[in-house]
Amino acid sequence: MTDSVAGRGPARTIRSTTWWERLRINRNWLGFWFMAPAAAILILFLAFPLGKGVWLSFTDAKIGRSGVFIGWENYEWLGLPWWRDSDGVFWLSVFNTLIYTSVASIVKFAVGLYLAILLNQNLPFKAAIRSIVLIPFVVPTVLSAIAFWWIFDSQFSIISWSLRHLGIIDYNINFLGDPNNARASLIFANIWRGVPFIAITLLAGLQTVAPSLYEAATLDGATKWQNFRYVTFPLLTPIIAVVMTFSVLFTFTDFQLIWAMTRGGPVNSTHLMATLSYQRAILAGNLGEGAAIATAMVPFLLIAIMVSWFGLQSRKWQQGGEDS
């Protein structure tokens, strides 16, 4: 339909647009179109496998057989809830996972923060030192695990060899054959690999802090500790929340390091939930039971994400003081 308005220029063509055309040209939908490809990838490679895994946890599926719905039997077999007769190996893996994640994350944060503050100083060869610090994070996990496997070997360990020649010990330390030593060795290896990620990320955050803030605090008589407590730490808090969330998630779901070094041994004493899930589902063929173990990890991961999320929304976390 056409219409000409006298005295107001040439005739204009007026036509109705379809809903698709309005959707295509509407600026309010621009963000949707940018997000659509990423959302499709996340749904395809994350949401669908997660949903499939949850469904498998309620079935008796095995490799080569789809299985049927059996309700909560897999979880009851594992000992969920905890007061039922339980699978001792599963609860040992939960204990190992919590200890492994807690100790490694705390030490990685402390060492990483110290390195970040140190690298933020005017050091000679600072660029070279930063590159060296990144090496543990750049090296593939399996190569790191194999290197540590040799370092902690019961017969050829360089640590045991050095201590014996110094006269500190009389026999080699059984690093990976003793449950407690094996746990400590795995935690040490994870710390060595994870510190650079935290250090470099916090270093990037430190470089955004204006030097004038430190100058003003120093003129007011602040000590180095007070500068850190009232200037550095409050401004780093949002970055700390994000980086520690990623650190906890990566540590909690660690698989390669443990599997390459101990495969959950000795006698299942170093299994994490991720490695036990793989053993039950893939090696033993019990897909339903393995999926139940993997699904049991989700609440722990959600708790870590929620702590970070609510912390980021809190002015107390962002400003290092009380909410106001």
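So, how was this worked out
Residues numbered from 1 in each chain as written. Predicted model: local features only at pLDDT ≥ 70, side-chain atom pairs only at ≥ 80, totals over all residues. Heavy atoms only, no water. Helix = DSSP H or I, 4+ residues; strand = E, 2+ residues; numbered from the N terminus. Buried < 20%, exposed > 50% of the residue type's maximum accessible area, 1.4 Å probe, protein only. Contact = heavy atoms within 4.5 Å. Areas by Shrake-Rupley, 256 points an atom, 1.4 Å probe, with all protein chains shown as cover. Phe/Tyr/Trp six-rings, centres within 6.5 Å; stacked < 30°, edge-to-face > 60°. Lys NZ or Arg CZ within 6 Å of the ring centre and 35° of its normal. Axes fitted to C-alpha atoms, helices over the stretch in contact; angles between N-to-C directions. Parallel < 35°, antiparallel > 145°, perpendicular 65-115°, else oblique. Left-handed = near helix turned anticlockwise from the far one by under 90°. Nonpolar A, V, L, I, M, F, W, Y, C, P; charged D, E, K, R; others polar. Salt bridge = Lys/Arg side-chain N within 4 Å of Asp/Glu carboxyl O. pLDDT = per-residue confidence, 0-100. 1 Å grid on protein atoms, 1.4 Å probe; cavity = no way out; pocket = protein on both sides within 12 Å on 5 of 7 lines; lining within 4 Å. Points joined across faces, edges and corners; volume = space filled by probe spheres on them.

## Digging into the overall build of the protein
Along its length, the protein carries 15 helices and 2 strands. Burial status across the protein gives 34% buried among its 324 residues. A fraction of 61% describes how many contacts in the protein between residues 6 or more apart in sequence connect residues 24 or more apart. Of the roughly 20200 Å² of accessible surface on the protein, a fraction of 68% belongs to carbon and sulfur atoms.

## Focus: the packing of aromatic side chains
A full pass over the atoms with the stated rule returns 22 aromatic pairs. Summarising the aromatic geometry, the rings of Phe148 and Phe152 are spaced 5.8 Å apart at their centres and angled 20 degrees between planes, so their arrangement reads as stacked. With respect to class, Phe148 is no different from Phe152; both count as buried. Relative to Tyr278, the ring of Phe255 has its centre 5.1 Å away and its plane inclined at 70 degrees; by these criteria the two rings are edge-to-face. Residue Phe255 is located in the loop between helix H10 (224-252) and helix H11 (256-261), and its partner Tyr278 is located in helix H12 (residues 273-283); the two are separated by 23 residues in the primary sequence. For Phe255, a relative accessible area of 26% puts it in the partly exposed group. Here the aromatic cluster, defined as three or more aromatic residues joined through ring pairs, consists of Trp55, Phe58, Phe69, Trp72 and Tyr75. One Lys or Arg, Arg229, reaches over the ring of Tyr230 and ends 5.1 Å from the middle of that ring.

## Points about the packing of helix H9 (residues 211-219) against H10
Each pair of packed helices gets described by two things: the angle between the helix axes and the distance between those axes. At their nearest, the axes of H9 and H10 sit 10 Å apart, and the two run at 160 degrees to each other. It follows from the interaxial angle that H9 and H10 lie roughly antiparallel. Considering the relative orientation of H9 and H10, their crossing is right-handed. Here H9 contributes Leu213, Tyr214, Ala217 and Thr218 to the contact with H10, which in turn contributes Asn227, Val231, Thr232 and Leu235. Residue composition of the contact of H9 with H10, grouped by class: 5 nonpolar, 3 polar and no charged.

## Remarks on the pattern of salt bridges
Using the criterion set out here, one finds 2 salt bridges in the structure. Note that Asp60 and Arg65 form a salt bridge whose closest N and O atoms lie 3.6 Å from each other. On the accessibility criterion, Arg65 (40% relative accessible area) is partly exposed. For Arg280, the salt bridge is made with Glu289, and the minimal N-O distance between the two is 2.3 Å. Each of the two residues, Arg280 as well as Glu289, counts as buried.

## What about the confidence of the model for the protein?
Parts of the model with low pLDDT should not have their predicted coordinates read in detail. Per-residue confidence for the protein averages 84 on the pLDDT scale, and 86% of its residues sit at or above 70. Here residues 1-7 is a poorly scored stretch, pLDDT under 50, and it has 9 contacts once near neighbours within four places are set aside; other chains count. Predicted confidence is poor over residues 9-14, with pLDDT under 50, and the contacts of this stretch with residues over four places away or in other chains come to 9 contacts.

## Observations concerning unusual backbone geometry
The step from Gly265 to Pro266 runs through a cis peptide bond, and the omega angle for that step is 0 degrees. The backbone of Val267 sits at a positive phi, close to 55 degrees, despite the residue not being glycine. Among the structural elements, Val267 can be located in the loop between H11 and H12. A positive phi angle, close to 65 degrees, is found at Asn268, a residue other than glycine.

## Description of the packing of helix H6 (residues 141-151) against helix H8 (residues 179-206)
For the pair H6 and H8, interaxial distance at closest approach is 11 Å and the crossing angle is 135 degrees. As judged from the angle between their axes, H6 and H8 are oblique. The two elements H6 and H8 meet at a crossing, and its hand is right-handed. Residue-level contacts link Thr141, Ser144 and Phe148 of H6 to Phe188, Ala189, Trp192 and Arg193 of H8. Tallied by class, residues from the contact of H6 with H8 come to 4 nonpolar, 2 polar and 1 charged.

## Regarding empty space enclosed by the protein
What the rule picks out here adds up to 1 cavity of 30 Å³ or more. Estimates place the volume of the largest cavity at around 50 Å³. Around the largest cavity, the lining residues are Asn96, Ile99, Tyr100, Arg183, Leu186, Ile187, Thr270 and Leu272. Of the residues in the lining of the largest cavity, the class split is 5 nonpolar, 2 polar and 1 charged.

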